[in-house]
Amino acid sequence: ETGVTQTPRHLVMGMTNKKSLKCEQHLGHNAMYWYKQSAKKPLELMFVYNFKEQTENNSVPSRFSPECPNSSHLFLHLHTLQPEDSALYLCASSLSGSEYEQYFGPGTRLTVT
Amino acid sequence: KQEVTQIPAALSVPEGENLVLNCSFTDSAIYNLQWFRQDPGKGLTSLLLIQSSQREQTSGRLNASLDKSSGRSTLYIAASQPGDSATYLCAVYNAGNMLTFGGGTRLMVKP
């Protein structure tokens, strides 16, 4: 529907596991984003990539490691997470520039046990 | 740092009512403002995007207004229906590709 896909849609992982979230956009955009939505907290920006370069890290703990190998793909590598990291993780893309609309993927629901 | 506030946090109305959701932001130097809908456990559905040079946007029963100088936006929903029940999110576009979200208004429309 939006041209932004995310896999997996649901993920359950233990605190000692390592997993990765994947985002792919088919819109010809060159900026990509990770957002986190925890229960009872506003959606918050985690990372911004412009032309594969990270331009914003919103004080995110190092147990979240993003990777942007090209303008169409964005990953979020997860390791030694805490139960409070359980949340909906949303990916978005746009043309590079603050005036351009961001298009969101359906999200990955992450549960850390 | 931009802060976005949405009032009320929750709203319950009977079917057929017209209603207004409010959004305020602290820094008026925004590029765009966007309203989203989110159903429980789901992602975001874009409703309306207002560019900073615009005053309002309309789509069907929805009308969003923007007063950039006062840091306010409203989302007007006409003739509400039970299918409108969802959480409505307001978000502002800031410099650096930064999108800041409000906490949302949880709307329940009763048949």
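Further up the page is the structure itself.
No experiment lies behind these values; they were computed from the predicted model shown.

(A) Molecular detail of the overall build of chain B. Summing up its helical and strand segments, chain B has zero helices and eleven strands in all. When the helices and strands of chain B are listed from N to C terminus, the series reads β-β-β-β-β-β-β-β-β-β-β. The C-alpha atoms of chain B give 13 Å as radius of gyration, which agrees with the globular expectation for 111 residues (13 Å, within 12%). Each principal axis of the C-alpha atoms in chain B carries an extent, and together these give about 40 × 30 × 20 Å. The buried share of chain B, taken over its 111 residues, is 45%. When contacts within chain B are restricted to residue pairs at least 6 apart in sequence, those whose partners lie at least 24 apart make up 53%.

(B) Fine view of the environment of Gln38 of chain B. Checked against the element boundaries, Gln38 of chain B lands in strand 4 (residues 32–38). With a relative accessible area of 9%, Gln38 of chain B lands in the buried category. The spatial distance from the C-alpha of Gln38 of chain B to the C-alpha of Ser85 of chain B is 9.4 Å, given a sequence separation of 47 residues. The contact partners of Gln38 of chain B, leaving out residues within four places of it in the chain, are Gln37 and Leu88 of chain A together with Gly43, Leu44, Ala86, Thr87 and Leu89 of chain B. A distance of 2.8 Å separates a polar atom in the side chain of Gln38 of chain B from a polar atom in the side chain of Gln37 of chain A.

(C) Region of the structure containing the state of the cysteines. Across all of its chains, the model carries two disulfides over all chains by this definition. Here Cys23 of chain A pairs with Cys91 of chain A through a disulfide, and the sulfurs are 1.9 Å apart. Handedness of the Cys23 of chain A-Cys91 of chain A disulfide follows from its S-S torsion of about -75 degrees: it is left-handed. Of this pair, Cys23 of chain A sits in strand 3 (residues 18–25) while Cys91 of chain A sits in strand 9 (residues 87–94); the two residues are 68 residues apart in sequence, bridging distant segments of the chain. For the pair Cys23 of chain A and Cys91 of chain A, a shared accessibility class is recorded, and that class is buried. Note on cysteine connectivity: Cys23 of chain B is disulfide-linked to Cys90 of chain B, with sulfurs 2.0 Å apart. On the sign convention where negative means left-handed, the S-S torsion of about -60 degrees between Cys23 of chain B and Cys90 of chain B marks this disulfide as left-handed. Of the two residues, Cys23 of chain B is situated in strand 3 (residues 19–25) and Cys90 of chain B in strand 9 (residues 86–94); the sequence distance between them amounts to 67 residues. The exposure class of Cys90 of chain B is buried, given its relative accessible area of 0%. Of the cysteine sulfurs around Cys68 of chain A, a residue in no disulfide, the closest is that of Cys91 of chain A, at 9.0 Å.

(D) Inspection of the sheet that holds strand 7 (residues 64–70) of chain A at higher detail. Residues and elements named next belong to chain A. If you trace the four strands from one edge of the open sheet to the other, you get 1-3-8-7, paired in antiparallel fashion. Either end of the sheet is taken by a strand with one partner, and the two such strands are strand 1 (4–7) and strand 7. Ignoring which end each strand starts from, the neighbouring axes of this sheet average 20 degrees apart. Sheet analysis places strand 7 next to strand 8 (residues 73–79), joined by five bridges and oriented antiparallel. Directly across from Phe64, in strand 8, lies its bridge partner Leu78.

(E) Summary view of the sheet that holds strand 3 of chain B. All names here are of chain B. If you trace the five strands from one edge of the open sheet to the other, you get 1-3-8-7-6, paired in antiparallel fashion. Strands at the two margins of the open sheet, each flanked by one partner only, are strand 1 (4–7) and strand 6 (56–59). Each strand of the sheet is rotated relative to its neighbour by a mean of 15 degrees, with strand direction disregarded. Of the pairings in the sheet, the one linking strand 3 to strand 8 (residues 72–77) comprises six bridges and is antiparallel in character. From the neighbouring strand, Cys23 faces strand 8, where its bridge partner is Ser73.

Scoring rules and cut-offs
- Sequence order as written defines the numbering, with residues in each chain counted from 1.
- Written order determines the labels here, with chains lettered from A and ligands numbered from 1.
- Residues qualify for local features only when their pLDDT is at least 70, as the model is predicted, and side-chain atom pairs are given and counted only at 80 or more; totals for whole chains, interfaces and linings, by contrast, use all residues.
- Working from all heavy atoms in the structure, the side-chain values ignore hydrogens and water.
- Each helix is a run of DSSP H or I of at least 4 residues and each strand a run of E of at least 2, with the numbering of both proceeding from the N terminus.
- It is over C-alpha atoms that the radius of gyration is taken, and the globule rule equals 2.2 Å times the number of residues to the power 0.38.
- Residue exposure (1.4 Å probe, protein chains only): buried if accessible area is under 20% of the type maximum, exposed if over 50%, otherwise partly exposed.
- We call two residues in contact when some of their heavy atoms are within 4.5 Å.
- Any pair of nitrogen or oxygen atoms within 3.5 Å is treated as a polar contact; in protein, a donor-acceptor pairing is required on top of that, and neighbouring residues in sequence qualify only through side-chain atoms on both sides.
- Throughout, disulfides are identified as pairs of cysteine sulfur atoms within 2.5 Å of each other.
- The criterion for strand pairing is that DSSP finds at least two bridges linking the strands in question.
- The axes used here are C-alpha line fits, helices contributing only the stretch in contact, and every angle between their N-to-C directions lies in the interval 0 to 180 degrees.

Any functional reading would require information that these geometric values do not contain.
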